[in-house]
Structure formats: C-alpha cells, structure tokens
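Chain by chain, the residues:
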Amino acid sequence: MGCCVSNLERGEAVSRCRARKKYMKRLVEARQAFSASHAMYLRSLRDTGSALLQFSTNESALHHQQQHHVRPQPPAPPSPPPPPRRPPLSPSTDTWSSSMGASPLPPPPPPPPPASSTWDFWDPFVETTARSMTEEEWEEEATTVISEVPVSRSRTESVTAPPSVVSGYSKDTSGTEPFALVKARNSKNIVEIVKEVDDYFLKAANAGAELSVILEVRSPNFSPTQIKGGKVYNYGFSLSPTLWTWGSSPKFDTFGSCLREQVVGNNGGVGHSSTIERLYAWEKKLYEEVKDSEAIKIEHEKKVDQLRKLEVKRAEYLKTEKTKKELEKIESQLMVSSQAIETISAEIIKIRETELYPQLLDLVKGLMCMWRSMYESHQVQTHIVQQFKYLNTIPSIEATSEIHRQSSLQLQLQVQQWHQSFCNLVKAQQEYIQNLTGWLRLSLFQFSKPLLSRNGQESGIYSFCEEWQLAVDRIPDKVASEGIKSFLTVVDAIVVQQTEEHKQKKKSESVFKEFEKKSSELRSLENKHGPFSVPDSSGKDPVAEKRLKVEILRTKAEEEKSKYEKSVNVTRAMTMNNLQMGFPHVFQAMVGFSSVCMQAFASLHNQVQSITQEQLVKRILP
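Conventions and cut-offs
- Residues numbered from 1 in each chain as written.
- Predicted model: local features only at pLDDT ≥ 70, side-chain atom pairs only at ≥ 80, totals over all residues.
- Heavy atoms only, no water.
- Helix = DSSP H or I, 4+ residues; strand = E, 2+ residues; numbered from the N terminus.
- Buried < 20%, exposed > 50% of the residue type's maximum accessible area, 1.4 Å probe, protein only.
- Contact = heavy atoms within 4.5 Å.
- Areas by Shrake-Rupley, 256 points an atom, 1.4 Å probe, with all protein chains shown as cover.
- Phe/Tyr/Trp six-rings, centres within 6.5 Å; stacked < 30°, edge-to-face > 60°.
- Lys NZ or Arg CZ within 6 Å of the ring centre and 35° of its normal.
- Core = buried A, V, L, I, M, F, W, Y, C linked by side-chain atoms within 4.5 Å.
- Salt bridge = Lys/Arg side-chain N within 4 Å of Asp/Glu carboxyl O.
- Expected span 1.5 Å × (residues − 1).
- Bend = angle between axes of the 7 residues up to and from the residue.
- Axes fitted to C-alpha atoms, helices over the stretch in contact; angles between N-to-C directions.
- Parallel < 35°, antiparallel > 145°, perpendicular 65-115°, else oblique.
- Left-handed = near helix turned anticlockwise from the far one by under 90°.
- Nonpolar A, V, L, I, M, F, W, Y, C, P; charged D, E, K, R; others polar.
- pLDDT = per-residue confidence, 0-100.

Visitor: Account for the overall build of the protein, with residues named and values stated.
Guide: The helix and strand tally for the protein stands at 13 helices and seven strands. Within the protein, the proportion of its 622 residues that are buried is 45%. Of all intrachain contacts in the protein linking residues separated by at least 6 positions in sequence, the fraction that spans at least 24 positions is 90%. As presented, the protein carries roughly 32,100 Å² of accessible surface, and 55% of it is formed by carbon and sulfur atoms.

Visitor: Run through the packing of aromatic side chains, naming residues and quoting values.
Guide: Within this structure, the stated rule accounts for 13 aromatic pairs. Seen in terms of ring centroids, phenylalanine 201 and tryptophan 418 are 5.5 Å apart; in terms of plane orientation they differ by 85°. Their pairing is edge-to-face. Within this pair, whereas phenylalanine 201 is found in helix H5 (residues 190-206), its partner tryptophan 418 is found in helix H10 (residues 402-443), the two being separated by 217 residues in sequence. Of the two residues, phenylalanine 201 and tryptophan 418, neither departs from the other in class, the shared state being buried. One aromatic cluster is present, formed by Phe201, Phe388, Trp418, Phe487, Phe583 and Phe587 through successive ring pairs. A cation sits over an aromatic face here: lysine 203 above tyrosine 200, 5.4 Å from the ring centre.

Visitor: Please provide a residue-by-residue account of the nonpolar core, values included.
Guide: Core analysis: the biggest nonpolar cluster contains 96 residues, and Trp371, Phe388, Leu436 and Trp468 have the highest contact counts within it. Element by element, the count of residues in this core is highest for helix H9 (residues 317-384), at 18 residues. Beyond its immediate stretch of four places on either side in the chain, phenylalanine 388 contacts Ile190, Ile193, Val194, Met576, Leu579, Gln580 and Phe583. The next biggest cluster of nonpolar side chains, apart from the first, holds seven residues, and it includes Phe512, Leu522, Leu525 and Val550.

Visitor: Can you lay out the pattern of salt bridges for me, pointing to particular residues and giving the numbers?
Guide: Counted according to the given criterion, the structure contains 22 salt bridges. As a salt-bridge pair, lysine 291 and glutamate 288 come within 3.9 Å of each other at their nearest N and O atoms. Of the two residues, lysine 291 and glutamate 288 both sit in helix H8 (residues 272-313), three residues apart, roughly one turn of that helix. Connected through shared salt-bridge partners, Glu514, Lys518, Glu521 and Lys546 make up one network.

Visitor: Now, about H10: what can you tell me, with residues and values included?
Guide: Each α-helix winds once per 3.6 residues, and so residues spaced three or four apart point in a common direction. For H10, spanning 42 residues, the distance from its first C-alpha to its last is 60 Å, which sits close to the expected 62 Å at 1.5 Å a residue. Of all 42 residues making up H10, 30 are buried, and the element is well covered by its neighbours.

Visitor: So what's going on with unusual backbone geometry? Which residues, and what values?
Guide: At glutamate 216, a residue that is not glycine, the phi angle is positive and equals roughly 60°. Looking at the secondary structure, you find glutamate 216 in the loop between helix H6 (209-214) and strand E4 (225-228).

Visitor: A description of H9 should follow, citing residues and the corresponding values.
Guide: The terminal C-alpha atoms of H9, which comprises 68 residues, lie 96 Å apart, in line with the 100 Å expected from a rise of 1.5 Å per residue. Along H9, the largest kink reaches about 35° and is centred on arginine 352.

Visitor: So what about the packing of H9 against helix H11 (residues 460-474)? Which residues, and what values?
Guide: Where H9 meets H11, the closest approach of the two axes is 11 Å, and the angle between their N-to-C directions is 25°. Comparing the axis directions of H9 and H11 gives the class roughly parallel. As H9 runs across H11, the sense of the crossing is left-handed. Contact with H9, carried on its side by Arg352, Glu353, Leu356, Tyr357, Leu360, Leu361, Leu363, Val364 and Leu367, involves Gly460, Ile461, Phe464, Cys465 and Trp468 of H11 and no other residues of that element. For the contact of H9 with H11, the class distribution of residues is 11 nonpolar, one polar and two charged.

Visitor: Let's hear about the confidence of the model for the protein: which residues, and what values?
Guide: This prediction gives the protein a mean pLDDT of 74; 64% of its residues lie at or above 70. Per-residue pLDDT stays below 50 along residues 136-172; that stretch engages in 106 contacts with residues further than four places along the chain or on separate chains. Predicted confidence for residues 448-457 stays below pLDDT 50, and this span has 16 contacts to residues more than four positions away or in other chains.

Visitor: Let's hear about the packing of H10 against helix H12 (residues 477-529): which residues, and what values?
Guide: Contact geometry of H10 with H12 gives a least axis separation of 10 Å together with a crossing angle of 160°. Between H10 and H12, the angle is such that the two are roughly antiparallel. As H10 packs across H12, the resulting crossing turns out to be left-handed. Counted by class, the contact of H10 with H12 contains 13 nonpolar, nine polar and five charged residues.

What follows is the structure in structure tokens.
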C-alpha cells in the first residue's frame, strides 16, 4: 500500500498539482509579506523624517544657546592668606574657569544678518500658480540656477510645495524637455532645511497610499512587524515614546483617513487577497481530485487486467460479469473525477483571467505611480540638502543634552528601520513575483485530452509576470541599500561621539567631586592646625601632605575638564560635518533606485497597454 501511494505521488500529474499548490501557498504568504513590508516602508519614511526633524531641532538649540545667550562672568574670589585656601569648584564652566585660574572664553561674534529671500524650486509637474513668464524671463532666471535635473513630464499626482517653494515650468535649449530648477538665494538654519526634507519624506510615504489599497493594508496604524511564513518578526520600537510624536507635519496627516476611505470604497470589488486565497483553496481541491483520479486509474488498470485474464481462462460467467460491473463502476467514478478536474480547472482559469490578471495590472500601475512620485520627492530632497554646504553656523561649545542624546538614538533606530524595511520590501516583492510566475508556469498546462496540454491563448498573464520578474531582478537595490546604510554609518558615528562625550563628562564630574571632597578635608585640617603645622614625631606634615594631594587633584580635574570641553567641540563639529557629507549620498542613491523602478514599471505597464490596444483593434477590424 505504501509503495502504491509513493508511486502515485511521483506521478507527473500529481507532482505538478502538488507543486502548483505549494507555489500558491507561498504566494498567499508572499502577498502578506509584501503588504506588511510595504506598510512598514511607508512608515519608516515618515518616522525617519520625524526623527531627523527632532534631532535637528535639538542640535539647533545648542547653537542657538551659543549665539544668543552670553553668560555673565563670575566675580573674582577673594585672595585667602598664604597658603591660600582653595574655594570649592563649581560644576559650571564659568566657576571652573575662575577657580582654576583659566580665563573665561570671550563671547562669540553675532551671527550674520539673514538674506531677504529664500531658495526657490520650480516644479515642472504642477500647474504654476504665479503669473506666466516669457521665454526671456526664464532665461534670465536660469542664470542663477545651481543645478538642473531632467524629470519625467507625465504625472498623475501634483507635488504640493512647502511654504518656501514656488512652482513653475522651465525647458532646456531645445524647448522640449522640462527641468527641475533649484535656486538658493540665502542660507537657512538646520531646522528649516530638515523641515523641508521631512515634508518630502511625508510626500514619498503618501505616494504609496494607492498601492496600499491594492495590497489591502487594512490599517494605517500598522504595527511594526512583518508577517512571513506564519511567523511575526518585530522591527523594534521607539526608545523614548514620551518624547516622540508621529508625523511632524499635520498638513500631511491625512494619509490615515484617505486610506480608510479608499479601502471602504474598494470593498465593492474582489480584493487581491481574497482572489489568491480562493485560488489556493481551488488548488488544494484540484490536488486532491487529481490524486484521487490517479488512484482510480490505477485501480481501473488492475480491473482491466483482471478481466482480461478471466476471459483468457474462460472463467465462470458470474465471476466474469461481476468483474465487468466493478469495472463499469470504476469507469463511472473516473468520468466523475475527470469532470470535477475540468470544472475546478475552469474555475481556476476564470479567476486567473477575470480577477487576478486585472489586479496584477493595477498592482504594476500602482508601483509605477508610487516610484514616480518617490523619485520626484527624493530628487527634491537631493537639492534641498545641498544647502547644508552653505550653513553659516558658529561653532558651539554647548554640551549634548540628555534629550538630544535620546533624539540621536531615536534617529539611529529609525534609519536602521528604514534600511531594514527597504531590504524587506525588495525581498518581499521578489518572492511574490517568483512564486506567482512559478505557479503560472505550471497552471498554464490544462488537465484535458491530451493530458497536460498547453493553451497558447492563455499565456498573456505569464508573459506579463515573466517580464515583471526580469525587471525586478535587474533593479539595483544593492546601491540604494548601501546608500541608506552609509547614512546609518554617519548617524552611528554621531551617536558614538555623543557617548564618548557623555563618558568624559561623567569622568570629569567624578574627578571634580573627589577634588571637592579632598578640598573640604584640607579646610578642616587648616581650621584645626592653622595654615602651617609642625611635623609630628615621624616627620610627617598632615596639612602639607593633604595640600599636595589637593593640588594633584586640581591638576587632574583641569585636565579632565579640558578633555571634556574638547570632546564637546568634536561632537558639535562632527555632527555638522557628517550631516553635510552624509545627506547627499543617501538621497542620490534613492533617486537612482526610484528612477529605475519608475522606468521599469512604466515600460511594463505601457507594454501591456500596447498589447491590449492591438487586441482591441483586431476585434473591431474584420
């Protein structure tokens, strides 16, 4: 019996159906992972922008204190009689400077007055709200342009510019190709720059709303997990939820309500999740029917062989007739099984052609529109961060606050999640299309006469998905992944330096407390013995010895304080330098990746549209 079952499972029809069922099961799981990773990627874009804004606000506060808060210099302490009594050191920088004989730092020069205007971005994707400009005026304006980047003319969504952005059009010398023109007319502070970067992070995240509907992301408040293979993977949570607010710009906080309306409005049709789950149910049924049919065929062959032997031996009439009736019953079962297989196969084909194929076309269209909008957003971000080169920031000596350290750790976490969610999104889409193409490759063979024949008229969906898989395999996701990772390295370096600064602060405070303790003990001895003491019988002078220890600690405290001040300076300088160096690379990488995605999905979508148009013409023309 076991051998018979084993042979049955190895049969071509059963093996093919088992593989089809396996592919479809994986496709159900891959769709869940695709949906989850898509939601997490959109969330990571929002959270990264919010974390950047929180970080830059705290960093800017340190420079603001340096520029606008000049502390009063403390009065000089009275000179004690020799040997002098050293007054205790205060934890503040000013008191440390006066007690240790160091001259206080002079106040920094006032910041330069800001220019009268901001930088402008001409967006070629939306209708201009300003007055029309002549060709001459555009040429005059173009003389102050920093950079020109050609962008796609076709666009379905408009880009809403932040307050400092103006919309308009421009063309190249041929007068045909639109360009994104960016002009920098004054330098902004770090918060103003990052605020605009955050705005376009939110725009990029909102670009995925339509695709979220197709992938059936049910809730905008998606938990930070990814579902894969029935397991739940946690991506991590905020370190300081009390310090955090999701979505730094209220005007972009309509994503949730819009998505709910779209999902509710989409309930009238059949969802993609429902389609592939029903296909999986039919595939399981088909597998069981084909397996039963193959078992009946084996039994039929046995009965045919048995009847043949009886007829050759001219066995008893009743025994032969009984075998014939049993054979007729098996043939009847085989006919019912064959009809069931044909019915199930027809239902699978119907769902595949009338539901799945249109859904896949919508999915590719959604991917095309999403990456086009993300390309535009990241392209603008690339121009915005160029302003970091022109920041006129006076070096600050303000120490990193605990709130700033927390915001730095939060930024580190969010960039980590951005990198992880990007990798998960790429992998989820690859697994989705691989399993879909694998299932289609097997499902195009029909269970009919002759068995496993292929219907050429039904290969359109397979060709489409095969091109999709080739496009996904060619997308340079490694470059974008490394771009995000390089920015994470920049943030990691800032966090490490802040940690070193914090350690040096603790060390300096510890030495200072020890110095205060020994100074207090010295004052007690001086009060007991006077400023001078007579050596005891062993020749030791307790006051002199204690005074020597205090002087040693004073020197050590001064050294540790100096190291701490240098560490603060390094932190401030490193932070600004790292942002200036790290920002352009990550957005350039994302511009390149999103551009390739946009073009790949646009090409795939246009290819299908062209084929559909040709088929329509053939139906109309005789």
